[in-house]
Amino acid sequence: MKSRVCVDAAGGTGGHMFPAEALAREMAARGWRVVLATDRRGEQYAANFPAEEKLYLDAATGSGPMALLKAGVAILKGVLQARSAFKRLNPSVVVGFGGYPSAPALVAALTQGRATLIHEQNAVLGRTNRMLAGRVKAVASSFPTLVHAPAGLKAHLVGSPVRAEIRALFDRPYVAPAADGPIHVLVTGGSQGARILSETTPRALAALPEALRRRLKVQQQSRPETMEAARQIYLESGIEAEVAPFFRDMAARLSTAHLVVGRAGASTCAELAVAALPSVLIPLKIATDDHQTLNARALTDVTASEVIREDDVTVERLTAALTGILSEPARLGAMSAAARSVAIPDAAARLADLAEATANYASLSRRERA
């Protein structure tokens, strides 16, 4: 088994790379050798990626005739690079996680007749995965619904793999705030910058009733240009707050949070469910096919989260939502239980099972043809 190779092909964003990393760790624990295939953007996430080798393939995207032509040339070059590497590595399965950087590795594997699998993080099949879904051996989904899937496609619901330190939070009980005790609020921004969260959330929290405001312990990710303004708002309103552009110890912060305010990316929704955390989510308006709103439905359908459309976000609207949730510890507890009810904490194991089954089926088919 040690000689078997699994290639994780992932784009250069956290939303693609974090699930790929979780699968890589699970496959390595099962005795597989893991190789990462990405592009140069993926380098910022690849430093601690558990792969014995990292392939940086040419890939690109664009709009307009010239940009698309250049992107096609880059992807073709990446396919040739991947084909050459695969002849040497002989991977048993290639798993794509979406994003255009995953395309060269998957196309190369398809042209060589290798076992292929794609995992879609969002509730909407992304463009790259949409193009390849009908050609790969299997499709895995994070959510029960998968919009824009080809007719007749049977996706395997496995959930969205989360990092081990996040998975560990599933085993700890959620404890709602004690009467007159501190209320820990975590505000995350996501990789899109989230100006609306950076600017509106401090003002909304500052507008809470004084009895709630004096109990707040806020940790907020903020855009660098709005950090000082946020700190000043918290200082003037008497709210204890830590404001920073990025938190590296997210699992530790989630473990103490009573409520999370953030976007509705696939990884965020999966982590909130596994960590059993109540949330107020503001889906990114410009997300392709409005996929963040669809992602959030997994939580809103069971009342684990309250969603506010970006166009509807005002200080008053957000303050009202926060007041309604934070003033009722019993509601926080119920939201936590609801989030836990839709969690798939063993998503990495489920995806690894599917990857192994896909590899085994392809191997058996080759032997039968021989």
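All of these numbers come straight from a predicted model, not from anything done at the bench.

A. Geometry of the pattern of salt bridges. One pass over the structure, following the stated rule, counts 23 salt bridges. With a shortest N-O distance of 3.0 Å, arginine 253 and glutamate 242 are connected by a salt bridge. With arginine 253 in helix H10 (residues 250–256) and glutamate 242 in strand S10 (residues 240–244), the pair connects residues that are 11 residues apart, well separated along the chain. In this structure arginine 253 comes out as buried when scored by relative accessible area, which is 11%. Between arginine 253 and aspartate 249 there is a salt bridge, with the nearest N and O atoms lying 2.7 Å from each other. Connected through shared salt-bridge partners, Glu26, Arg30, Asp353 and Glu356 make up one network.

B. Seen up close, helix H11 (residues 266–274). Burial analysis of H11 places 8 of its 9 residues in the buried class, which makes it a mostly covered element. Among the residues making up H11, those that are buried are Ala266, Ser267, Cys269, Ala270, Glu271, Leu272, Ala273 and Val274. Once H11 finishes, alanine 276 follows within two positions and takes phi at roughly 55°, a positive value.

C. A look at helix H14 (residues 329–341). In this model H14 runs 19 Å from its N-terminal to its C-terminal C-alpha over 13 residues, within 8% of the 18 Å that 1.5 Å per residue would give. Within the sequence span of H14, burial applies to Leu332, Met335, Ser336, Ala338 and Ala339. End-on view of H14: buried residues confined to an arc of 165°, all on one side of the axis. Those residues of H14 that are exposed and aimed more than 90 degrees away from the buried face are Ala330 and Ser341.

D. Geometry of the pairing of strand S4 (residues 93–96). Where burial is concerned, the two faces of S4 agree: the one with Val93 and Val95 and the one with Val94 and Gly96 are both buried. Relative to S4, strand S1 (residues 5–9) is paired through 4 bridges, and the arrangement is parallel. Pairing of cysteine 6 across the sheet is with valine 93, part of S4. Where S4 meets strand S5 (residues 116–120), 3 bridges bridge the pair, whose relative direction is parallel. The residue bridging glycine 96 from the neighbouring strand is isoleucine 118, located in S5. Between S4 and its parallel partner S5, the chain crosses via helix H4 (residues 103–111), and the hand of that crossover is right-handed.

E. Molecular detail of the nonpolar core. Leu216, Leu322 and Leu326 are the most contacted members of the largest nonpolar core, which totals 62 residues. In this structure, leucine 326 is in contact with Ile183, Val185, Leu208, Leu212, Leu216 and Leu259, ignoring residues within four places of it in sequence. Among the nonpolar cores identified, the runner-up in size contains 27 residues, and Cys6, Ala24, Leu351 and Leu354 belong to it.

F. Here's a closer look at the packing of aromatic side chains. Scanning all chains against the criterion turns up 0 aromatic pairs. A cation over a ring is seen here: arginine 163 above phenylalanine 18, with NZ or CZ 4.3 Å from the ring centre.

G. Broad picture of the sheet that holds strand S3 (residues 53–56). Strand order in the open sheet formed by 7 strands is S3-S2-S1-S4-S5-S6-S7, and the pairing between neighbours is parallel. Strands with a single pairing partner mark the edges of an open sheet, and in this sheet they are S3 and strand S7 (156–157). Sheet analysis places strand S6 (residues 138–141) next to S7, joined by 2 bridges and oriented parallel. Considered in S7, the bridge of serine 141 is made with leucine 157. Contacts from helix H1 (residues 14–29) reach S1, strand S2 (33–38) and S4, with the element oriented near 165° to S2.

H. Just unusual backbone geometry, in detail. Phi at histidine 148 is positive, roughly 70°, even though this residue is not glycine. Within the element layout of this structure, histidine 148 appears in the loop between S6 and S7. Positive phi, close to 60°, is recorded for threonine 303, a residue that is not glycine. Looking at the secondary structure, you find threonine 303 in the loop between helix H12 (291–300) and strand S13 (305–307). Taking relative accessible area as the criterion, threonine 303 reaches 56% and is therefore assigned exposed.

I. Seen up close, the packing of H11 against H12. Relative to each other, H11 and H12 sit at 10°, their axes nearing to 9 Å. Relative to H12, H11 is oriented roughly parallel. In contact with Ala266, Cys269, Leu272 and Ala273 of H11, H12 contributes Asn295, Ala296 and Leu299.

About the thresholds
Residues numbered from 1 in each chain as written. Predicted model: local features only at pLDDT ≥ 70, side-chain atom pairs only at ≥ 80, totals over all residues. Heavy atoms only, no water. Salt bridge = Lys/Arg side-chain N within 4 Å of Asp/Glu carboxyl O. Helix = DSSP H or I, 4+ residues; strand = E, 2+ residues; numbered from the N terminus. Buried < 20%, exposed > 50% of the residue type's maximum accessible area, 1.4 Å probe, protein only. Expected span 1.5 Å × (residues − 1). Arc of directions from axis to C-beta. Pairing = 2+ DSSP bridges. Right-handed = clockwise from strand over helix to strand, strands pointing away. Core = buried A, V, L, I, M, F, W, Y, C linked by side-chain atoms within 4.5 Å. Contact = heavy atoms within 4.5 Å. Phe/Tyr/Trp six-rings, centres within 6.5 Å; stacked < 30°, edge-to-face > 60°. Lys NZ or Arg CZ within 6 Å of the ring centre and 35° of its normal. Axes fitted to C-alpha atoms, helices over the stretch in contact; angles between N-to-C directions. Parallel < 35°, antiparallel > 145°, perpendicular 65-115°, else oblique.

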